[in-house]
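# Summary of structural features
Listed below, chain by chain, are the residues.
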2 protein chains.
Amino acid sequence: MLSNQLHNGLETAKLLWSRIPNSEDGEVDGGSLLRNSNRNTVESLDYEVIENYAYREEQAQRGKLYVGYYVAVKWFLALLTGIGTGLAAVFINISVENFAGWKFALTFSIIQRSYFAGFVIYVLINLILVFSSVYIVTHFAPAAAGSGIPEIKGYLNGLDIHGILLFRTLIGKIFGSIGSVGGGLALGKEGPLVHTGACIASLLGQGGSSKYHLSLRWLQVFKSDRDRRDLVTCGCAAGVAAAFRAPVGGVLFALEEVTSWWRSQLMWRVFFTSAIVAVVVRTAMGWCKSGKCGHFGSGGFIIWDTSDGQEDYSFEELLPMAVIGVIGGLLGALFNQLTFHITYWRRNYLHKKGNRVKIIEACLISVITSAISFGLPLLRKCNPCPESDHDSGIECPRPPGMYGNYVNFYCGKDKEYNDLATIFFNTQDDAIRNLFSAKTIHEFSAQSLLTFLVMFYTLAVVTFGTAVPAGQFVPGIMIGSTYGRLVGMFVVNFYKKLNVEEGTYALLGAASFLGGSMRMTVSLCVIMVEITNNLKLLPLIMLVLLISKAVGDAFNEGFYEQQARLKGIALLESRPKYQMRNMMAKEACRNQKVVSFPRIVKVADAVSILQSNLHNGFPVIDHVRNGETLVIGLVLRSHLLVLLQSKVDFQHSPLPCDPAGVSKSISEFVKPVSSKGISIEDIHLSSDDLEMYIDLAPVLNPSPYVVPEDMSLTKVYNLFRQLGLRHIFVVPRASRVVGMITREDLLIEDSEDSASVELHSTSVRGHRQYSMISRNVDVERPLLNGLLLQDHMLG
Amino acid sequence: MLSNQLHNGLETAKLLWSRIPNSEDGEVDGGSLLRNSNRNTVESLDYEVIENYAYREEQAQRGKLYVGYYVAVKWFLALLTGIGTGLAAVFINISVENFAGWKFALTFSIIQRSYFAGFVIYVLINLILVFSSVYIVTHFAPAAAGSGIPEIKGYLNGLDIHGILLFRTLIGKIFGSIGSVGGGLALGKEGPLVHTGACIASLLGQGGSSKYHLSLRWLQVFKSDRDRRDLVTCGCAAGVAAAFRAPVGGVLFALEEVTSWWRSQLMWRVFFTSAIVAVVVRTAMGWCKSGKCGHFGSGGFIIWDTSDGQEDYSFEELLPMAVIGVIGGLLGALFNQLTFHITYWRRNYLHKKGNRVKIIEACLISVITSAISFGLPLLRKCNPCPESDHDSGIECPRPPGMYGNYVNFYCGKDKEYNDLATIFFNTQDDAIRNLFSAKTIHEFSAQSLLTFLVMFYTLAVVTFGTAVPAGQFVPGIMIGSTYGRLVGMFVVNFYKKLNVEEGTYALLGAASFLGGSMRMTVSLCVIMVEITNNLKLLPLIMLVLLISKAVGDAFNEGFYEQQARLKGIALLESRPKYQMRNMMAKEACRNQKVVSFPRIVKVADAVSILQSNLHNGFPVIDHVRNGETLVIGLVLRSHLLVLLQSKVDFQHSPLPCDPAGVSKSISEFVKPVSSKGISIEDIHLSSDDLEMYIDLAPVLNPSPYVVPEDMSLTKVYNLFRQLGLRHIFVVPRASRVVGMITREDLLIEDSEDSASVELHSTSVRGHRQYSMISRNVDVERPLLNGLLLQDHMLG
């Protein structure tokens, strides 16, 4: 009986492990930040969960129906993520546009009488908006500061960064963005929107936020971390799609920049989410067209349509375009370097002094930004309007209170405009639209553009890193399009061609700066094409991106990588490091003493092991006949803590437990992303408890991946990275080969005719039982169980 | 000395294995077709290559410079692939357009006098073109028949399908496509273009075709199969980009449909290739605009601009759009099923009768197609031209010899047109343009569209599988847009709305049929958007694709999967099969007896092992102290064959060899993709040779991946599939754990300051030696060598 119980226990574990939907192939590292350089971080991004007998039976009965339900919920959550992110984006945009529109309208109406009063009002409004933003962030949602993309990258790379996916972070991000962007700071709302999408997805994936009593039980089907991670990936794509109205760009951004583990099954769902966002945003904009949303609509949502851009280009133009690429690479790399140092200084000195300093800093920057954007245009002389061109439909000066080119600001005459005010004293979206605009040759003077470039570049460098939500896309586009337009002006003057459009050069400049700073490639290309709605420029955008990325790479890492490093987010790159080629698996873990558990462990021992070291996983080693040992699996600290906390599975005898009595339900081992998990200090056990035993068999992972001790570390790295593992056992070389698995061994066909009905991979696929293997195969599995069985019969 | 030699030998192997550029993490399965159900197929898609000492030293000296050169060659080859594929596409298009244009011009001029003579000429021209195509394919390049996409999928999945990437296949594909498409068959040139791109890439990757003396030595830097495979992926993307002028669609197609192993580093290169294609094609078209290319230019290269399509849609329209999706799913699934059965019948009965039958079959189909496309419009009554609308710029009837709507064919009056001839008696590109055209409400009668749908569907089903290059995109678009337009006509009549465009419905129909047949998702969406140059339709296209794919999946597999199965191309899917959950690693290889080699093997033994079984890899097991054994690595059949054939490494004594004497250069172990490799029957050894010995240490892979025997097969599958392996050793459970590797152990930083210069991943990255580990670490590696050393000291 005894041996049978043991047997069953291990079988339970093995079967349970193989049953978790879609989570077969491994754990995902729920890693640890570098700043916690010990192994103290709570690992929670795992789906090393177990199921009890009841759950398993229920599961088996429901079978196909349950899988169908599961797939349906996945798609439903993707739909909700899309709708949620779309609505959030619409809300942010409407708010920003209305605040900014109202601000400029008020200022323009006041400066009719007094420029000083207008200046004061302008500064004050901006200050209030920025203050509200920084106050929300510092006092309510500290994780909402900054772009959020490095953190999401870290999360999807397998790190558990506490706080980034909370409900309060979502709220902080949304309202913080409105304040900081509406307040005219030199930052954008696009990065924060990606974070917003990820937060929405994560909250949906865990069925709501339990802290704010918003949780829905029927949504809590995602037991595995992979499902949640997939949904967060959808959320990122939705964020980009919403920020730029670029669904394809969103998918590619999620694919190229954010995720670490991509599966092609996921792609369709991500794309679906993006498309939903596009529909939501389009519907909202259609609804707003009739003027129901105040200022929103005429400016607003990014689409800088450049379909008027030049149709064709000559080969001579490739040289100035290459020059734009080089400038982009240089300025982008410089931008990364400057922000890196300033952020470093902020993190380590300034922001340690507390929230008050953060608030003062942001407000100071707001006042400076306001002063510059109001003051500098005052110093410019106005230019007379160009002769009216009715075809282009561009009025000069633009009608008061409207968006458009040719801003009349501090001009003597009616038919004049201030070119610096056109880009500086304007919303960012509008400024970009003006810079991109075709058929406005000679609108801007080189002097104004240079002034703007220097001032805005400086402001963008200084602003990034303050305690407000801050994206880098729009500032990057502004900086890039300014020097792009400068080059374009030069080309127009030099080549004397009529078909050259400065706006097209501005667009290329924007692409080059983003490429030089963020080092994105395909996704950036597609985003640029989508936001300008002009497929024809694709090869040119590619050219400048190739150059600017190569130039930038010669100096430093990409923007997000640098910021991630600053924040202690250590990303496992997709490639192994070069020096790993000369290392062996054993060398990688040489400083580490392996602490192992026996199968049946005394509670006191378990507690002392957990207290005395900080490992997150432990091998379980059992004795078999002749006193030999056998590695029977891996047990996770988090699971041990759940067992210790619940106390239900404690037993008096040091003998294997009855598997039918395993009481844990799978959901008890799943921790919501937004919680910190249990710590060993939280667990208080009586002395009676400490004398009891736990059988680890039901909770262990019976077959973690193993590597021989002298395997090249590059190979180990690839195994670890590709499969998203958290633990690999390094074991001695084997003495014999039991079998060899080749391609053919894995080509197991479904037992049905090839021509018969089969459902495809995104839906349910071939869930028939493999006819030759009955479910209850214990008798045919003599391996581990047999060994253990003999041991206990002998012992 | 002896032990030292052994020691060195194994070190050599280990170091060599860890040095192959970019090929660290594993072998890629150079698999076997199912029809060769034994293990007889030549495995060549591997980069299990070794390097000799000289090579390694040279490599170490060249170091960074070499890596730079290597990266540069990679990009250069991508550039060449792009240019080559672009030029091939231009050539095919110009030829097809000119043949077709000339054909229709001649026919139209003749039917002014006699319809019968025109019919005869029309049939004859088509017959000649189709005959030339089928003749080229059957007598010169049999692998050029069909679409080629299933074969390329198989190749990139790890199968070595002989003949698909030969130079002659390339030639056959190009000229065969011209004949079959120009000859008016119901097939397209897009699939073949993908194959063409892959062929060009593969030939470039192996430095040309040695058979035709076109090889370039300096291009032969790609020693590893992964590099070649990457280049073929670029070629596929280039093919799609060239076929549809859709660079982003090409990248996504390669990503979603074709490749099995995708790395984000590859993405940028693939995108680069696609963009090059776009530039080449655009340049060529610009050059042709002035009329230098005959008929080409006005029709030609796919861009069915639907920017005139409807701008907005109401929610009521979603229902008919969903109906289109359902129809697409049903007709697509039916199409797959019919082609599957007909192709099955062809392969197993008709085409076994030889080339003559194939030729007769294709010619017969050509005559039938010609007769139907000429004859059916004759039966239609002509319609009077609609009132001229000068804004739309559409003339009725179109001027003779031009492309356009409203074909005047067999009409009594001048101001009449034949709606069936407009789609049927026309080039396919033109027919699609007419179906997609906006502002041509009521151009087609429902009767004509229905007739066309039925006839063309039948023709497409019958034509696919004949021995000519045949793509399914364009026929799919034709079929889909026909019923789409039918639905659109219904909507126009039913909803009585003015902003509904039948052309938009035709586009959605095309998307739905392709989705229902090929089951592509994201890439198809993007391709449809790119070829219609209308980003606004994206959400609608997605909607119909979602529906049609779901409906199609309810009936059968995708088109390419079915065709691949028919051809015996067994693809390893990205997901493990459901029944693997209940299997263990050991069960997968239960029918297989493991044959292992000793480290130093007698030549006669090696030959007899290779003759007596067909395995492609063998474990190498050595005896260590106490007679215990130790698995020291994996040796490949192909490498053994190279050793046996060259005879250079034979030695007289059964003692370990001197590693400095290993004479093989890495390139000797690399087989060009287009060759069949060595067979054991080709090797003739004298009896003296048979008495000699080989030391396998320098050629073995010292650390293949291992799994414990009772690991879940799902986990094994994921390991195998994700890392692209060919062999996994199934070993007994370990008795102890030497160490544990976690995320932190793998976060090895470069020893440089974070702010210092670092090149990015697409270029050279951090090639400094890891400071703590010297290159010559033999003394610190007691593991395997120590054991072996002791053994030989004792023995």
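Residues numbered from 1 in each chain as written. Chains lettered and ligands numbered in written order. Predicted model: local features only at pLDDT ≥ 70, side-chain atom pairs only at ≥ 80, totals over all residues. Heavy atoms only, no water.

Short version of the rule: UniProt positions are given in the numbering used here, feature names are shortened, and annotations may be inferred rather than shown by experiment.
Going by what an unreviewed UniProt entry lists, chain A is known as Chloride channel protein and is assigned to Salix suchowensis. In its Subcellular location (unreviewed entry) section, the UniProt record describing chain A reads: "Membrane". If you open the UniProt record of chain A and go to Sequence similarities (unreviewed entry), you find "Belongs to the chloride channel (TC 2.A.49) family."

### A few points about the overall build of chain A
Convention followed: Secondary structure is summarised from DSSP: a helix means a run of H or I of at least four residues, a strand means a run of E of at least two, and numbering begins at the N terminus for each. Summary of the burial criterion: residues with accessible area below 20% of their type's maximum are buried, those above 50% are exposed, and those between are partly exposed, where the area comes from a 1.4 Å probe applied to protein chains only. By definition, residues are in contact when any of their heavy atoms lie within 4.5 Å. Only the protein chains shown count as cover for residues, with accessible areas throughout obtained via the Shrake-Rupley method and a probe of 1.4 Å.
When helices and strands are counted, chain A shows 26 helices and nine strands. In chain A, which comprises 795 residues, the proportion classed as buried is 65%. Partitioning the intrachain contacts of chain A with sequence separation of at least 6 by distance along the chain shows that 79% fall at a separation of at least 24. Working note: accessible area of chain A is about 27,400 Å², and carbon and sulfur atoms make up 60% of it.

### Overview of the sheet that holds strand β7 (residues 706–708) of chain B
Put simply, the test is: Pairing between strands is defined by DSSP: at least two bridges between the two strands are required. Angles here are taken between N-to-C directions and fall from 0 to 180 degrees, while the axes themselves are lines fitted to C-alpha atoms, restricted in helices to the stretch in contact.
Within the open sheet, the three strands sit side by side as β9(A)-β8(B)-β7(B). Their pairing is mixed. Looking at the sheet topology across the chains shown, the edges are occupied by β9 (739–741) of chain A together with β7 of chain B. Within this sheet the neighbouring strands show an average axis-to-axis angle of 35°, counted without direction. Note: β7 of chain B against strand β8 (residues 728–731) of chain B, three bridges, orientation parallel. Directly across from P708 of chain B, in β8 of chain B, lies its bridge partner V731 of chain B.

### Digging into helix α21 (residues 603–612) of chain A
Residue and element names in this part refer to chain A. Our working definition: Throughout, the arc means the angular range of directions from the helix axis out to the C-beta atoms.
Of the residues making up α21, those classed as buried are V603, A606, V607, I609 and L610. Buried residues along α21 cover an arc of 165° about the axis, so they all sit on one side. The exposed residues of α21 that point more than 90 degrees off its buried face are Q611 and S612. Close packing links the buried residues of α21 with β3 (600–602), β4 (617–623), α22 (637–646), α23 (687–690) and β6 (693–695).

### Considering the state of the cysteines
Let me state the cut-off plainly: Note on disulfides: each one is a pair of cysteine sulfur atoms within 2.5 Å.
Inspection of every chain in the model, using the stated rule, returns two disulfides over all chains. Disulfide pairing places C382 of chain A opposite C411 of chain A at an S-S distance of 1.9 Å. Linking C382 of chain A and C411 of chain A, the disulfide has an S-S dihedral of approximately -80° and is accordingly described as left-handed. Here C411 of chain A lies in the loop between β1 (383–384) and β2 (416–417) and C382 of chain A lies in the loop between α11 (355–379) and β1, a separation of 29 residues in the sequence. Grouping residues by exposure puts C382 of chain A and C411 of chain A together as buried. Sulfur of C199 of chain B: no disulfide; nearest cysteine sulfur belongs to C236 of chain B and is 9.7 Å away. Take C199 of chain B: its relative accessible area is 0%, and that puts it in the buried class.

### Structural notes on the environment of K602 of chain A
All names here are of chain A. For K602, the position within the fold is in strand β3. Look at K602 and you get partly exposed, because its relative accessible area is 25%. Spatially, the C-alpha atoms of K602 and D695 are 8.9 Å apart, while their sequence positions differ by 93 residues. When near neighbours in sequence (up to four residues on either side) are disregarded, K602 contacts L690, E691, M692 and Y693.

### Quick look at the UniProt feature "transmembrane region" (unreviewed entry) in chain A
All names here are of chain A. Per the UniProt record, the feature "transmembrane region" (unreviewed entry) sits at residues 66–94, 114–137, 231–254, 266–285, 318–339, 449–467, 473–495 and 507–531. Between the C-alpha atoms that bound residues 449–467 there is a distance of 29 Å. The span itself is 79% helix and 0% strand. Segment residues 473–495 splits into 100% helix and 0% strand. End C-alpha atoms: 31 Å apart.

### What about the nonpolar core?
Filter applied, for reference: Among the buried residues, those of types Ala, Val, Leu, Ile, Met, Phe, Trp, Tyr and Cys that are joined through side-chain atoms within 4.5 Å form a nonpolar core.
Within the largest apolar cluster, 287 residues are counted, with the highest numbers of intra-cluster contacts made by F271 and I541 of chain A together with F271 and I541 of chain B. The contact partners of F271 of chain A, leaving out residues within four places of it in the chain, are P247, V248 and V251 of chain A together with V522, C525, V526, L538 and M542 of chain B. Core analysis: the second largest hydrophobic core is formed by 48 residues, L572 and L719 of chain A together with M583 and C589 of chain B among them.

### Thoughts on the pattern of salt bridges
Residue and element names in this part refer to chain A. The following threshold applies: Basic side-chain nitrogens of Lys or Arg form a salt bridge, by our definition, when they fall within 4 Å of a carboxyl oxygen of Asp or Glu.
Here the structure, examined in full by the defined rule, presents 31 salt bridges over all chains. Note that E502 is salt-bridged to R485, the shortest N-O span being 2.9 Å. Residue E502 is found in helix α16 (residues 502–518), and its partner R485 is found in helix α15 (residues 473–495); the two are separated by 17 residues along the sequence. One salt-bridge network, in which partners are shared between bridges, spans K153, E257 and E561.

### Focus: unusual backbone geometry
If you check the backbone angles, R245 of chain A has positive phi at about 50° while not being a glycine. Look at R519 of chain B: it is not a glycine, yet its phi comes out positive at around 60°.

### Here's the deal with a nonpolar patch on the surface
All names here are of chain A. For clarity, the cut-off: Any residue with relative accessible area above 30% and no salt bridge may belong to a patch, with like charges joined within 9 Å and the nonpolar Val, Leu, Ile, Met, Phe, Trp and Tyr side chains within 5 Å.
A cluster of nonpolar side chains, namely F116, V120, L124 and I128, defines an oily patch on the protein surface of about 400 Å² accessible area. Examined against the element boundaries, I128 turns out to sit in helix α3 (residues 115–139). Exposure remark for I128: the relative accessible area of 57% places this residue in the exposed category.

### Some details on helix α17 (residues 522–532) of chain A
Burial within α17 of chain A is extensive, with eleven of its eleven residues counted as buried. Residue N533 of chain A follows α17 of chain A closely and has a positive phi angle near 55°.

### Quick notes on the packing of α21 of chain A against α22 of chain A
Residue and element names in this part refer to chain A. Note the threshold: In these notes the angle categories are as follows: under 35 degrees is roughly parallel, over 145 is roughly antiparallel, 65 to 115 is roughly perpendicular, and the rest is oblique. The crossing is said to be left-handed when, going from far helix to near helix, the turn is anticlockwise and less than a right angle, and right-handed when the turn is clockwise. Charged means Asp, Glu, Lys or Arg here, nonpolar means Ala, Val, Leu, Ile, Met, Phe, Trp, Tyr, Cys or Pro, and polar covers whatever is left, Gly included.
It is the contact of α21 with α22, at a shortest axis distance of 11 Å, that shows an interaxial angle of 135°. In terms of axis orientation, α21 runs oblique to α22. For the pair α21 and α22, the crossing hand works out as left-handed. From α21, V603, V607 and L610 reach across to α22, where they touch R637, L640, L641 and L644. Split into classes, the residues belonging to the contact of α21 with α22 amount to six nonpolar, no polar and one charged.

### So, the pairing of strand β5 (residues 629–636) of chain A
All names here are of chain A. Burial runs high along β5: seven of the eight residues are buried. Both β4 and β5 contribute to a ladder of seven bridges, which runs antiparallel. Residue pairing across strands places H623 opposite T629, the latter belonging to β5. In this structure, the hairpin formed by β4 and β5 is closed by a connection of five residues, where N626 is found at a positive phi of approximately 60°.

### Examining the packing of aromatic side chains
Defined as follows: A pair of Phe, Tyr and Trp rings is counted when the ring centres sit within 6.5 Å of each other, with Trp represented by its six-membered ring. The angle between the planes then sorts it: under 30 degrees is stacked, over 60 is edge-to-face, the rest tilted. A ring is considered to have a charge above it if a Lys NZ or an Arg CZ atom is located within 6 Å of its centre and within 35 degrees of its normal.
Following the criterion strictly, the structure yields 52 aromatic pairs over all chains and no others. Both rings, one in F244 of chain A and one in F473 of chain A, keep their centres 4.9 Å apart while their planes meet at 75°; by these two values the pair is edge-to-face. Highlighted residues: F244 of chain A in helix α7 (residues 225–244) and F473 of chain A in helix α15, separated in sequence by 229 residues. Residue classification places F244 of chain A among the buried positions, given a relative accessible area of 1%. F473 of chain A gets classed as buried once you look at its relative accessible area, which sits at 2%. Aromatic pair F104 of chain B and Y122 of chain B: ring centres 5.9 Å apart, planes at 45°, arrangement tilted. Residue F104 of chain B is located in helix α2 (residues 53–111), and its partner Y122 of chain B is located in helix α3 (residues 115–139); the two are separated by 18 residues in the primary sequence. Just as F104 of chain B is buried, Y122 of chain B falls in that class too. Site record: aromatic cluster; members linked through ring pairs are F104, F108, Y115, F119, Y122, F374, F409 and F425 of chain A. Over the ring of F140 of chain A we find R168 of chain A; its NZ or CZ atom is 4.7 Å from the centre of that ring. One residue, K715 of chain A, lies across the ring of Y705 of chain B, its end atom 5.6 Å from the ring centre.

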